[in-house]
Structure formats: structure tokens, C-alpha cells
Amino acid sequence: MIEAIRRHLGLRADYLLEHKAKFPADPLHLPGRDFVGRVLAPSNRPVSVLRNMQLLFDRGRLAGTGYLSILPVDQGIEHGAGAAFAPNPIYFDPGKIVELALEGGCNAVASTPGALAAVARRYAHRIPFIVKINHNELLSYPNSYDEILFGDVDQAFEMGAVAVGATIYFGSVESRRQIREIGQAFRHAHRLGLVTILWAYLRNSAFETHEADYHLAADLTGQANYLSVTLEADIVKQKLPLNNGGFRALRFGKTDEKVYSELSSDHPIDLTRYQLINCHMGRAGLINSGGASSGEDDLAEAVATAVINKRAGGMGLISGRKAFQRPMKEGVALLQAIQDVYLCDEVTLA
């Protein structure tokens, strides 16, 4: 298995597989088969939340490992159905989305309220559902970017979901309203026993300068993660960091030099570990995004992202477009290549 992973990584193999992290792993609460009892149980979460979190861990090819492989398909609203599904039109049908998650060995499938409701009686008992309750729609003209509620927690509970997901555009003008909305929704979700997963994205035109785009800076995304666990997100979904120093370059907020000198470095594993540090040292699991589909390099990019996440101490990967914007057989192979990274004992913690 490790040889296949090395082939996918190519010239980056030693760079990613041999790196020793700047910040030590000892203080971290790391994924494992006992994560619910060791990390989540001492919290204020109701017993039913613990049960549903364990259910997420106990499905798919990664069952019993403490890692998660999730298929997310909400792009029909977030990006437009034509843009998302024209490359592979079978996925206009939500039943095919769930079939891909099942065939791919995923722990769970995440999608829109309408998509999962359409097939709930057929599939909710076969694979855990994660209902994404808010979305950004792109039919208004001119386009605006604001996550609004398309569904609610009760709807997710009634269709048999084990978790709800939501996005907050941290840094945006609308973020304060979104924080209040999703904070209330997550508290209600916990009362009903549902796991909470937050897509902790940054969105502000000022974060992109002539020099660099800081939407994926480790210090800014790390702070978004910290805000997410403050809202009692059980799992934080974050994009892989590509740089650092957003606070310093944009000259706003507050930071400390040790963020850049002692807690991180320029290496992607160190940048991702800083994201995890901000998840209360891993008390909330960190899952990274598989990113957009770019064609022939998708498989190599997905494997590299999985290696970075695992070696940083993350809990898994959530990969959508790379999987569903291609024939199902290829999508299954890509999902399972990601899972192989988490099943491979030779891909160790950095």
C-alpha cells in the first residue's frame, strides 16, 4: 500500500512522508478507535451525540480506525447544478450520489436537505446522512455570497440523519448573522442527538492582495477553526492551508510572532497542524477539503491532501468534486485511494 501512495506522491513522497513536525504531537487529542470515549465523552454532549459520532466512525472502509472519509455533494446549490453535474449528469439524481458513497466505502454522505430527503427511506439506514442545512445560492443577479438556511435541524432529524452540517463565511459582512444562526442550530442539534460539522470558510475580498491570496492562510483559517469549536462544532471542515501570515500582511486583528516561528513553518503539514491546534488541540476533529477537480492530477492531489491531513493529526478527508465529476468507477477508485492513506500504518504521525 505504501508503494502505491509513494507513486501517487511522486517527487513529493519524501517531502511529505519524512517530514518531522515543528509542533510536537504530545499535547494533541488525536484520532483513534477510542476517540468518542477518550475525547468526546468528557464534554457536555448528550449520550445520543456520542452514539451518532461512534456510528460515523463505525461505517465504511475506515470503520474502527477513528478516521473519516465523507462524500459531500452540495455543489448543485453552492456552485450551480449545471456547473456541478454537467461533467457527469447521473449525479443530478441524488440516489446516484448515495450509491457513490456506498460503493466508495465512505463513512457518510453529506448533501442538501432536498437531495437526502428524496432517498431517505431507501438509504438512511444503510449509510449515515449528514444534512447540510445552509447554502449559498448563485441565481440572484448580480451574484452575492451569503450562506442562508435552506433547511433546519428538525428536518434532518426526521429523515434519520446522524449529523448536520453548515457553512459560515468567516470574515464576511454577513458572518455575524451566520454565527448567531448556526450557533443556535448547533445547540438544537445537540439536544436532538445530532453531530455538528462546520464548514469554516473565509470570504472577504480584502483577504486577496496583489501579493497573495490569504483565504487559505494558516493563521486566518486557524482562527476560523477556533471560532467554530467555540460554536460547539464536533468536527471542523477546513480547506488545506497554502500559506501563512494573513494577519501580518493584511495588518488587522491580533497575532503573535510565535505563531509563525514556533507553532508552524512553511511546510504544509505544519500549516495544517496549526489548524488542528486551533481545534482545541484536536478535541474537535479536523477534516480537510479535497478541493476542486482539476483533471488528470486529481488522484495525486487527493492522496497528497490525505497524507498531509493524517500526518498533521487530522481526522480525515471530505472529497466531492474530484469523485463525482468523473465516471462512478473512477470516483470509487479515488475515494478508496484516499482511504488507503488512513489504512496504511506506514503513513505515520509527523
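To be clear, the structure that these remarks concern was listed above.
Residues numbered from 1 in each chain as written. Predicted model: local features only at pLDDT ≥ 70, side-chain atom pairs only at ≥ 80, totals over all residues. Heavy atoms only, no water.

*Asks:* Please clarify how unusual backbone geometry should be interpreted in this entry.
*Replies:* Trans is the prevailing form of peptide bonds, just as negative phi is the prevailing case for residues other than glycine. The omega angle of the peptide bond from tyrosine 141 to proline 142 is -5°, so this bond is cis rather than trans. Relative to the helices and strands, proline 142 is located in the loop between strand E4 (134–135) and strand E5 (148–149). In this structure, arginine 251 is a non-glycine residue whose phi angle is positive, near 55°. The residue arginine 251 is located in the loop between helix H12 (246–250) and helix H13 (258–261) in this model. A positive phi is found at methionine 281, a non-glycine position, where the angle reads about 60°. Mapped onto the secondary structure, methionine 281 falls in the loop between helix H14 (268–277) and strand E9 (285–289). For methionine 281, a relative accessible area of 25% translates into the label partly exposed. (Helix = DSSP H or I, 4+ residues; strand = E, 2+ residues; numbered from the N terminus. Buried < 20%, exposed > 50% of the residue type's maximum accessible area, 1.4 Å probe, protein only.)

*Asks:* In this structure, what is going on with the nonpolar core? I would like to understand it.
*Replies:* A general feature of soluble globular proteins is that nonpolar side chains tend to end up buried together. One finds Leu9, Leu71, Val109, Phe129, Leu198 and Val307 to be the most contacted residues of the largest nonpolar core, which totals 91 residues. Counting residues in hydrophobic clusters, the runner-up holds 25 residues, among them Val39, Leu56, Leu68 and Ile235. (Core = buried A, V, L, I, M, F, W, Y, C linked by side-chain atoms within 4.5 Å.)

*Asks:* Sorry if this is basic, but what is going on with the packing of aromatic side chains here?
*Replies:* Ring pairs (aromatic) are described by centroid distance and by the angle formed between their planes. Inspection of every chain in the model, using the stated rule, returns seven aromatic pairs. Between tyrosine 67 and tyrosine 342 the ring centres are 4.9 Å apart and the planes differ by 45°, which places this aromatic pair in the tilted class. Note that tyrosine 67 is positioned in the loop between helix H4 (47–57) and strand E1 (68–73) and tyrosine 342 in helix H17 (residues 328–343), a separation of 275 residues in sequence. Their ring planes at 50° and their centres at 5.6 Å tell us that phenylalanine 85 and phenylalanine 324 sit as a pair that is tilted. (Phe/Tyr/Trp six-rings, centres within 6.5 Å; stacked < 30°, edge-to-face > 60°.)

*Asks:* Help me out: how do you make sense of the pattern of salt bridges in this one?
*Replies:* Should the charged atoms of two oppositely charged side chains come close, the side chains can pair. A complete count under the given rule lists 15 salt bridges for this structure. In this structure, the salt-bridge partner of aspartate 34 is arginine 38, at a minimum N-O distance of 3.1 Å. A relative accessible area of 39% means that aspartate 34 is categorised as partly exposed. Several salt bridges converge on common partners, so that one network encompasses Asp74, Glu78, Lys132 and Glu147. (Salt bridge = Lys/Arg side-chain N within 4 Å of Asp/Glu carboxyl O.)

*Asks:* Which parts of the structure should I look at to understand the sheet that holds strand E6 (residues 163–170)?
*Replies:* Sheet strands associate in pairs through backbone hydrogen bonding, adopting either a parallel or an antiparallel arrangement. Strand order in this closed barrel of eight strands is E1-E2-E3-E6-E7-E8-E9-E10, and the pairing throughout is parallel. Within the sheet, the average angular offset between the axes of one strand and its neighbour, ignoring direction, is 25°. Contacts between helix H10 (residues 175–191) and the sheet are confined to E6 and strand E7 (195–202), with E6 contributing the most and set at about 165° to the helix. (Pairing = 2+ DSSP bridges. Axes fitted to C-alpha atoms, helices over the stretch in contact; angles between N-to-C directions. Contact = heavy atoms within 4.5 Å.)

*Asks:* I keep staring at the pairing of strand E8 (residues 235–238) and nothing clicks. Help me out?
*Replies:* The side chains of a regular strand alternate between both faces of the sheet. Going residue by residue along E8, you find Ile235 and Lys237 tucked away on one face and Val236 and Gln238 tucked away on the opposite face as well. The pairing of E7 with E8 spans three bridges and is classified as parallel. Across the sheet, the residue bridging to tryptophan 199 is lysine 237, located in E8. For the segment spanning E7, helix H11 (residues 218–230) and E8, crossover handedness is right-handed. In this sheet, E9 lies alongside E8 in parallel orientation, the contact comprising four bridges. Counted as the bridge partner of isoleucine 235 is glycine 285 from E9. (Right-handed = clockwise from strand over helix to strand, strands pointing away.)

*Asks:* Got a minute to help me understand the pairing of E6 in this structure?
*Replies:* Counted residue by residue, E6 has eight buried out of eight residues, so it is predominantly covered. Taking every second residue as pointing to the same face, both faces of E6 are buried, with Ala163, Gly165, Thr167 and Tyr169 on one and Val164, Ala166, Ile168 and Phe170 on the other. Examined bridge by bridge, strand E3 (residues 129–132) and E6 share three bridges and lie parallel to one another. When the sheet's bridge partners are listed, valine 131 is paired in E6 with valine 164. Inspection of the sheet shows E6 paired to E7 by eight bridges, in the parallel sense. Within E7, the residue paired with isoleucine 168 across the bridge is alanine 200. Viewed along the sheet, the connection from E6 through H10 into E7 turns out right-handed.

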